[in-house]
Amino acid sequence: MFESLSSKFSSAFSSLRSRGKITASDIDQVCNEIYQGLLEADVALGVVESFIEKVKSKSLSALPTLQSGSNQAQAIFDIVNAELIAILGGEARRVRLAKNPPTVIMLAGLQGAGKTTLAGKLAKYFKDLGDTPLLVASDLQRPNAVNQLQIVGESISVPVFAPEPGNGVGNPVEVAKGGLAFARSKLHNIVIVDTAGRLGVDDEMMKQASDIRDAINPDEILFVVDAMIGQDAVKTAQAFKVGVGFDGVVLTKLDGDARGGAALSIAVLTGKPIMFASTGEKLGDFDLFHPDRMASRILGMGDVATLAEQAKKALDGESSARLEEKFVKGEDFTLEDFLEQLEAMSKMGSMGKLLSMLPGSGAMKKQIDNFDESEIVRTKAIVQSMTPQERIEPKILNGSRRARIAAGSGRKVQEVNALVDKFSAAQKMMKQMRNGGGMPPGMALPPGMPAAPRMGKGPSTPPKKKSRSGNPAKRAVEENS
Ligand code: GDP
């Protein structure tokens, strides 16, 4: 996400950090580099100019105090970070729930922006929070939109109100009204209305969207926009703002090679917050939009907060606590535990996405892009082909067992051997860490993976076992030390 912009910021700051005392001309230079970077990322000129002006004036006025400090470049970095957060909208804004349910959310935007996909993502998001969403199929225009919504709804067990077949047939305003009445009668507390888009902004489309708006009086109108279209997204947003009006923006396709133009321009130019970000085609590739986390990514500091949240979600509390306890008690970490963690990792999404949230991931871009995602699948297949006993006691894995596992998982015996060897080495390392204190169990890592941050709660270091002397006098000294 925004790699080239991020590398511009990184290079601007690395040259600033290499200076001893920062001067006004250093500030000019860093501002010029950032200016160029933002323009290349297709950020709207007005937004870039006002951003640079603020950064420059704040940095220059801080210069006299800053020059006496020890970390001058960091002080400028903090100013840039704060201004980036501001243009991204300041604080994350959540959906405002209606005082009297249901809360009605209407989606609007061009065809192909990702509205129907988003409807499913939002429904899943609310369902996971314990709400009872209803999806309403009011996009009767785009071929297959109704059917697509039904399939999405079915996959997450969320009902879909779809009385019309779509593909040009049916009245979308009536469907929206009917959906709302249905939700009231069945006590759904959230209603998500998918609406039709066109390939470009047109009057008929705006009229239909505003008729739906007037019929259902939504609590939130979310404008869904493809971040890949850069600054054009802002033009479309402005047309929708006039034609229909909206309360918040959802940026989709942030996983693609979006340069950042839409994300960095839209909140300032529309005066509306970005509320959600969509980062893939899968229903889980979606999150609340946090301006501070996005700024952190752009500045090359990663997004560890999101990573930790995802890990917590994937590794349920019970298994996390059990592993922690095992670790503290000194029990062996088994292949059974390893498999459980591999499953959790798969739930968290692609390894490439996870790694890209780590600080400094920009510099590892090549390795991340080349990461072989199927390694996890292959490793899982091998462990799954073992019996429970073998997973607990890998020692019993003799030649014939290994051959059976290889055949069962469709892998070579050498791969089974390599996995068992690496696992034994990792197990040994865990033991050493436990004895020496330090690293928590966190996630067991499949071969070749970098360390993941700590997961779950509980003490970060297990109690260190002190050796106790058999000599009472010595022991008294040890215990008092
Ligand atoms: P609609 O016409 O606005 O309802 O758009 P759709 O929901 O049908 O999405 C259009 C296409 O974009 C589909 O192929 C989706 O799978 C894809 N899509 C939607 N959101 C994302 C996203 O965040 N990332 C990526 N890569 N593709 C997306």
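Residues numbered from 1 in each chain as written. Predicted model: local features only at pLDDT ≥ 70, side-chain atom pairs only at ≥ 80, totals over all residues. Heavy atoms only, no water.

Q: I'd like a rundown of helix α14 (residues 335-347), residues and numbers included.
A: Given a rise of 1.5 Å per residue, 13 residues ought to cover 18 Å, and the 18 Å separating the end C-alpha atoms of α14 matches this to within 8%. Positive backbone phi, approximately 105°, marks Gly 349, located one or two places after α14. (Helix = DSSP H or I, 4+ residues; strand = E, 2+ residues; numbered from the N terminus. Expected span 1.5 Å × (residues − 1).)

Q: Could you give me a rundown of the site of the ligand, with the residues and numbers involved?
A: For the ligand, the set of nearby residues contains 17 residues, the closest of which are Gly 112, Thr 116, Thr 117, Ser 278 and Glu 281. One of the backbone nitrogen or oxygen atoms of Gly 112 is found 2.7 Å away from an oxygen atom of the ligand. Between the ligand and Asp 255, the relevant distance is 2.8 Å, taken from a nitrogen atom to a side-chain nitrogen or oxygen of the residue. In terms of residues, the shell around the ligand owes the most to one element, helix α5 (residues 115-128), which gives four residues. Here the residues of the shell around the ligand sort into two nonpolar, nine polar and six charged. (Near = heavy atom within 4 Å. Polar contact = N/O pair within 3.5 Å; in protein donor to acceptor, adjacent residues only side chain to side chain. Nonpolar A, V, L, I, M, F, W, Y, C, P; charged D, E, K, R; others polar.)

Q: Requested: an account of the side chain of Ser 59, with residues and values cited.
A: Turning to its location among the elements, Ser 59 is positioned in helix α3 (residues 45-66). When near neighbours in sequence (up to four residues on either side) are disregarded, Ser 59 contacts Ile 27, Ile 76 and Ile 79. (Contact = heavy atoms within 4.5 Å.)

Q: So what about the pairing of strand β1 (residues 103-108)? Which residues, and what values?
A: Most of β1 sits inside the fold, with six of its six residues counted as buried. Relative to strand β4 (residues 190-195), β1 is paired through four bridges, and the arrangement is parallel. By the bridge assignment for β4, Ile 105 is matched with Ile 192. In the sheet, β1 pairs with strand β5 (residues 220-226) via four bridges, with the strands oriented parallel. Its bridge partner being in β5, Met 106 is matched across the sheet by Ile 221. (Buried < 20%, exposed > 50% of the residue type's maximum accessible area, 1.4 Å probe, protein only. Pairing = 2+ DSSP bridges.)

Q: Tell me about the sheet that holds strand β8 (residues 286-288), and please be specific about residues and values.
A: The strand order across the open sheet formed by eight strands is β3-β2-β4-β1-β5-β6-β7-β8, and the pairing between neighbours is mixed. Because the sheet does not close on itself, it has two edges, and the strands there are β3 (160-161) and β8. Against the sheet, helix α9 (residues 232-243) contacts β1 and β5, and its axis sits at roughly 155° relative to β5. (Axes fitted to C-alpha atoms, helices over the stretch in contact; angles between N-to-C directions.)

Q: A description of the pattern of salt bridges should follow, citing residues and the corresponding values.
A: Applying the stated criterion across every chain yields a total of 18 salt bridges. Here Asp 28 makes a salt bridge to Lys 56, at a shortest N to O gap of 3.3 Å. With Asp 28 in helix α2 (residues 24-40) and Lys 56 in helix α3, this pair connects stretches of sequence that are 28 residues apart. Residue classification places Asp 28 among the partly exposed positions, given a relative accessible area of 34%. For Lys 56, a relative accessible area of 26% translates into the label partly exposed. For Arg 213, the salt bridge goes to Asp 214, with nearest N and O atoms at 3.0 Å. Salt bridges sharing partners connect three or more residues here, namely Arg 93, Arg 96, Glu 220 and Asp 247. (Salt bridge = Lys/Arg side-chain N within 4 Å of Asp/Glu carboxyl O.)

Q: An account of the UniProt feature "domain: SRP54-type proteins GTP-binding" (unreviewed entry) in the protein chain is needed here, citing residue identities and associated values.
A: Within the UniProt annotation, "domain: SRP54-type proteins GTP-binding" (unreviewed entry) is assigned to residues 273-286. Counted over residues 273-286, helix gives 0% and strand 43%. Its end C-alpha atoms are 16 Å apart. (UniProt positions renumbered as here; feature names shortened; annotations may be inferred.)

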